[in-house]
Amino acid sequence: MTLITPQTLIGLAVALGVGLLIGVDRERRKGDLEQRSAAGLRTFAATSFSGAVAQLIPEPSLVPIGAVLVALLAAISHLKSRSPDPGMTTEVALFITYLLGVLAMLSPELAAACGACLALLLVARQRLHHFATQWLSDQELDDGMLLAAIALVLLPLMPAHPVYWLGGMEPRSLTSMVFLILSVQAAGHVGVRWLGTRGGLLATGFLSGFVSSTATVISLGAQARRQPAQSTLLAGGATLSAVATWVLALLLSAALSPAAAIALLPASAAGALFAVGAALLTFRSNEHDASHHVKTAAGSALRPTEALVVAVVMALVALLVAASLRRYGDVGLQATVALAGVVDAHSPVASLASLHAAHTISTAQFVQCALIAIGVNTLARCALAIVTGGTSYGLRACAGLLGSMACALATMYWIFP
């Protein structure tokens with residue numbers, strides 16, 4: 001005889017609750033009269049509860065027999081449906097509800113979580129249909145499939161050990177960098193669509209900065225030449241690209257060496273917060289010019305070539321940085337990082353993080369050299385802002401970029417005097 005324990009009562013209660021939760025949504029969608037579906041609130045509650053009882057009774061064959069019976073009843077219900085577009089949602093949900101009832105007796109917490117997720121999925125039916133059929137374009141679907149293939153197929157196949165000709169970086173970590181960059185590109189595309197006209201310009205400055213803050217400053221500078229009246233607002237977008245520089249430096253560091261990312265966090269937070277404040281101040285002071293519309297590209301949101309180029313540059317910089325450290329010590333390391341920072345800030349930071357993960361450099365060396373790379377890159381962006389965008393755009397962008405860097409340096413000096 002099976003003893004009634006608190007765990008048993010909890011399992012039965014969860015099974016009944018899950019069935020009622022899912023059944024409420026199905027009851028509301030049953031329809032009326034001839035179009036009325038077969039399964040509703042009571043059916044789902046009874047199905048989940050029967051799964052719990054089948055698991056509770058000490059007869060191993062009872063659970064699979066119940067599963068077959070539920071699947072058979074769901075199939076009969078589907079075949080007898082008079083709806084012109086019956087679908088399979090209710091039938092599949094009914095079978096899953098039975099399994100959740102069984103699971104509730106084994107792991108009530110997991111069953112409750114799965115039941116809530118299934119109910120949420122059913123409730124969001126219209127939103128999901130709208131997203132899949134109207135909001136999401138064919139090209140965006142292709143982009144999503146590419147990201148899924150990289151994450152689920154390519155990434156697990158990459159070796160997870162350091163490789164000499166990659167400068168001590170792991171192929172899996174380098175592939176993760178490519179996936180991260182492509183994901184940011186996709187998020188940028190979606191973000192600009194969601195923000196619309198009003199926030200489009202500043203969103204472009206921020207999101208494009210994840211790919212290349214230098215290219216963002218140049219692009220907005222060229223636009224300031226064509227539209228001098230909006231140079232202040234464009235300079236705000238250039239300033240906001242500095243936020244992306246700090247955030248991406250943290251993400252790359254965290255992916256390669258979490259300890260290095262924690263050490264860089266105070267400087268990154270200070271620099272990013274200043275850049276956000278300066279950009280938003282520009283936006284508010286020029287609110288009447290915020291109607292500038294930024295069109296999203298009609299083609300793919302992903303630019304795999306750019307991501308691969310960044311990955312190759314990261315590997316080359318990592319190899320060069322490691323060689324300079326071995327041959328010339330700290331001076332060679334700092335000089336190499338500074339030269340690499342002229343072109344791109346993220347590649348030397350990623351290389352330094354990989355060296356830190358391999359315990360080749362200390363945390364202090366990592367933070368110092370990372371700030372050197374970002375600082376040199378900031379000076380290069382300031383010079384390019386003045387050259388490409390003119391005095392008005394250039395000086396305003398320089399104020400934001402240099403202020404962000406100064407806040408980061410002051411924070412690190414305060415922490416490590």
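The rules behind each value
- Residues numbered from 1 in each chain as written.
- Predicted model: local features only at pLDDT ≥ 70, side-chain atom pairs only at ≥ 80, totals over all residues.
- Heavy atoms only, no water.
- Helix = DSSP H or I, 4+ residues; strand = E, 2+ residues; numbered from the N terminus.
- Expected span 1.5 Å × (residues − 1).
- Buried < 20%, exposed > 50% of the residue type's maximum accessible area, 1.4 Å probe, protein only.
- Arc of directions from axis to C-beta.
- pLDDT = per-residue confidence, 0-100.
- Contact = heavy atoms within 4.5 Å.
- Core = buried A, V, L, I, M, F, W, Y, C linked by side-chain atoms within 4.5 Å.
- Patch = residues over 30% accessible without salt bridge, like charges linked within 9 Å, V, L, I, M, F, W, Y side chains within 5 Å.
- Areas by Shrake-Rupley, 256 points an atom, 1.4 Å probe, with all protein chains shown as cover.
- Salt bridge = Lys/Arg side-chain N within 4 Å of Asp/Glu carboxyl O.
- Axes fitted to C-alpha atoms, helices over the stretch in contact; angles between N-to-C directions.
- Parallel < 35°, antiparallel > 145°, perpendicular 65-115°, else oblique.
- Nonpolar A, V, L, I, M, F, W, Y, C, P; charged D, E, K, R; others polar.

J.: It is not clear to me how helix α5 (residues 108-123) should be interpreted in this structure. Could you clarify?
T.: Residues separated by three or four positions in an α-helix point in the same direction, a consequence of the helix having 3.6 residues per turn. When the terminal C-alpha atoms of α5 are compared, their 22 Å separation across 16 residues agrees well with the 22 Å that a helix rising 1.5 Å per residue should span. Along α5, the residues that are buried comprise Pro108, Ala111, Gly115, Leu118, Ala119 and Leu122. Along α5, the residues classed as buried sweep out an arc of 100 degrees about the axis, all on the same side. In α5, the exposed positions angled more than 90 degrees off the buried face are occupied by Glu109, Cys117, Leu120 and Leu121.

J.: Sorry if this is basic, but what is going on with the confidence of the model for the protein here?
T.: In low-pLDDT segments, the atomic positions of the prediction should not be examined closely. Looking at the protein as a whole, its pLDDT mean stands at 77, while 72% of the residues score no less than 70. With pLDDT under 50 throughout, residues 288-298 is counted as low confidence; its partners more than four residues away or in other chains account for 22 contacts.

J.: Sorry if this is basic, but what is going on with the nonpolar core here?
T.: Side chains that are nonpolar tend, in soluble globular proteins, to be buried together. The biggest cluster of nonpolar side chains holds 50 residues, and the ones touching the most others in it are Trp246, Leu264, Leu352, Phe366, Leu371, Ile374 and Tyr393. Within the residue set of this core, elements represented by two or more residues are α9 (200-226), α10 (231-256), α11 (258-285), α12 (304-343), α13 (346-357) and α14 (363-415). Ranked by residue count, the leading element in this core is α14, at 16 residues. Not counting residues within four places of it along the chain, the set of residues in contact with Trp246 comprises Ala267, Ser268, Gly271, Ala272, Leu371, Ile374, Ser404, Met405 and Ala408. Ranked by size, the runner-up nonpolar core spans 23 residues in total, among them Ala15, Val63, Ala104 and Leu118.

J.: Looking at this structure, how should I read a nonpolar patch on the surface?
T.: Taken together, the side chains of Leu16, Leu20, Phe49, Val53 and Ile57 present a nonpolar region at the surface, about 350 Å² in accessible area. Contributions of two or more residues to the nonpolar patch are made by α1 (6-28) and α2 (41-56). Judged by its relative accessible area of 31%, Phe49 falls in the partly exposed class.

J.: Would you take a moment to explain the packing of α13 against α14 for this structure?
T.: Helix-helix packing: each pair is described by the crossing angle between the helix axes and the interaxial distance. Packing of α13 against α14 leaves a shortest axis separation of 9 Å and a crossing angle of 175 degrees. Here α14 runs roughly antiparallel to α13, going by the angle between their axes. Contacts between α13 and α14 pair Pro348, Val349, Leu352, Ala353 and His356 from the former with Thr363, Phe366, Cys369, Ala370, Ala373 and Ile374 from the latter. When grouped by side-chain class, the residues that make up the contact of α13 with α14 number nine nonpolar, two polar and no charged.

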